[in-house]
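Geometric and topological summary
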Amino acid sequence: MDLIAPWLDCGMVFTVTDVPERERFEARDETGATAGVVTYQLSGSIIAYTHTEVAPEFEGRGVGSTLARAVMDDARAKGRTVVPICPFLSGWLEKHPEYDGIVVRSTPKVK
């Protein structure tokens, strides 16, 4: 799944792509530079998002939020249950209750 999302402040566009052989989603800018990643572990219909990382030169440009929305939309489209291990994604999900129906929180939040 590719998701193209503009960063409205400067017109920057990121493309988010699932790279299953590396168990991660990658956000790339228009030049192909990797702006950020979300790693995951998949077991049947359960996907655990384990880590989000944004390259320093892309911080503050909405890459993390773009990745979060893309991975959650992908999980929803594929009928997956999400386990948000990543603290960034857990925090993002607190502000986006529209995904509550596919999220499982069986352990206390890590801060």
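Here's a quick rundown of the structure. (Residues numbered from 1 in each chain as written. Predicted model: local features only at pLDDT ≥ 70, side-chain atom pairs only at ≥ 80, totals over all residues. Heavy atoms only, no water.)

1. Some thoughts on the overall build of the protein
What counts, and what does not: Strands are runs of DSSP state E lasting at least two residues, helices are runs of H or I lasting at least four, and both sets are numbered from the N terminus onward. Here the term buried applies to any residue with accessible area under 20% of the maximum for its type, exposed to any over 50%, and partly exposed to those in between, with areas from a 1.4 Å probe on protein chains only. Contacts are assigned to residue pairs with any non-hydrogen atoms lying within 4.5 Å of each other. Using a 1.4 Å probe, accessible areas were evaluated by the Shrake-Rupley method; residue-level cover was limited to the displayed protein chains.
Of regular secondary structure, the protein possesses two helices and six strands. Overall, the protein shows an N-to-C arrangement of helices and strands of β-β-β-β-β-α-β-α. Expressed as a percentage of its 111 residues, the buried residues of the protein come to 41%. Summarising the internal contacts of the protein: among those between residues at least 6 apart in sequence, 37% fall at separations of at least 24. With an accessible surface of roughly 6300 Å², the protein has 53% of that area assigned to carbon and sulfur atoms.

2. Quick look at the nonpolar core
Note the threshold: By nonpolar core is meant a set of buried Ala, Val, Leu, Ile, Met, Phe, Trp, Tyr and Cys residues that side-chain atoms within 4.5 Å join together.
Tyr49, Met72, Val82 and Leu89 are the most contacted members of the largest nonpolar core, which has 27 residues in total. Of all the secondary structure elements, the ones that give two or more residues to this core are β2 (12-19), β3 (24-28), β4 (34-43), β5 (46-54), α1 (63-77) and α2 (87-94). Considering each element in turn, this core owes the most residues, seven residues, to α1.

3. Describing the packing of α1 against α2
What counts here: Every axis in this analysis is a line fitted to C-alpha atoms, fitted for helices over the stretch in contact. Angles between the N-to-C directions lie between 0 and 180 degrees. Any angle between 65 and 115 degrees counts as roughly perpendicular, while under 35 counts as roughly parallel, over 145 as roughly antiparallel, and the rest as oblique. Asp, Glu, Lys and Arg are counted as charged, while Ala, Val, Leu, Ile, Met, Phe, Trp, Tyr, Cys and Pro are counted as nonpolar; the rest, among them Gly, fall into the polar class.
With their axes 10 Å apart at the nearest point, α1 and α2 run at an angle of 80° to one another. Between α1 and α2, the angle falls in the class roughly perpendicular. Along the contact surface, α1 presents Gly64, Ser65, Ala68, Arg69 and Met72, while α2 presents Phe88, Leu89, Trp92 and Leu93. Of the residues that constitute the contact of α1 with α2, the class distribution is six nonpolar, two polar and one charged.

4. A few points about the side chain of Thr52
Tracing the sequence through the fold places Thr52 in strand β5. Here Thr52 is in contact with Val37, Val38, Cys86 and Phe88, once residues within four sequence places are set aside.

5. A short note on unusual backbone geometry
Not every positive phi belongs to a glycine, and Glu23 is a case in point at roughly 50°. Examined against the element boundaries, Glu23 turns out to sit in the loop between β2 and β3. Given the relative accessible area of 40%, Glu23 is considered partly exposed.

6. Section: the pairing of β5
Condition: For two strands to count as paired, DSSP must find a minimum of two bridges between them. With its strands directed away from the observer, a crossover is right-handed exactly when the path from the first strand over the helix to the second travels clockwise.
When β4 meets β5, the two strands line up antiparallel, connected through eight bridges. The residue bridging Gln41 from the neighbouring strand is Ala48, located in β5. In this antiparallel pair of consecutive strands, β4 and β5, the connection spans two residues, and Gly44 shows a positive phi of 65°. Of the strand pairs in this sheet, β5 and strand β6 (residues 81-84) are connected by four bridges, and their pairing is parallel. In the strand pairing of β6, Tyr49 is matched with Pro84. Where the polypeptide runs from β5 across α1 and back to β6, its parallel neighbour, the crossover connection is right-handed.

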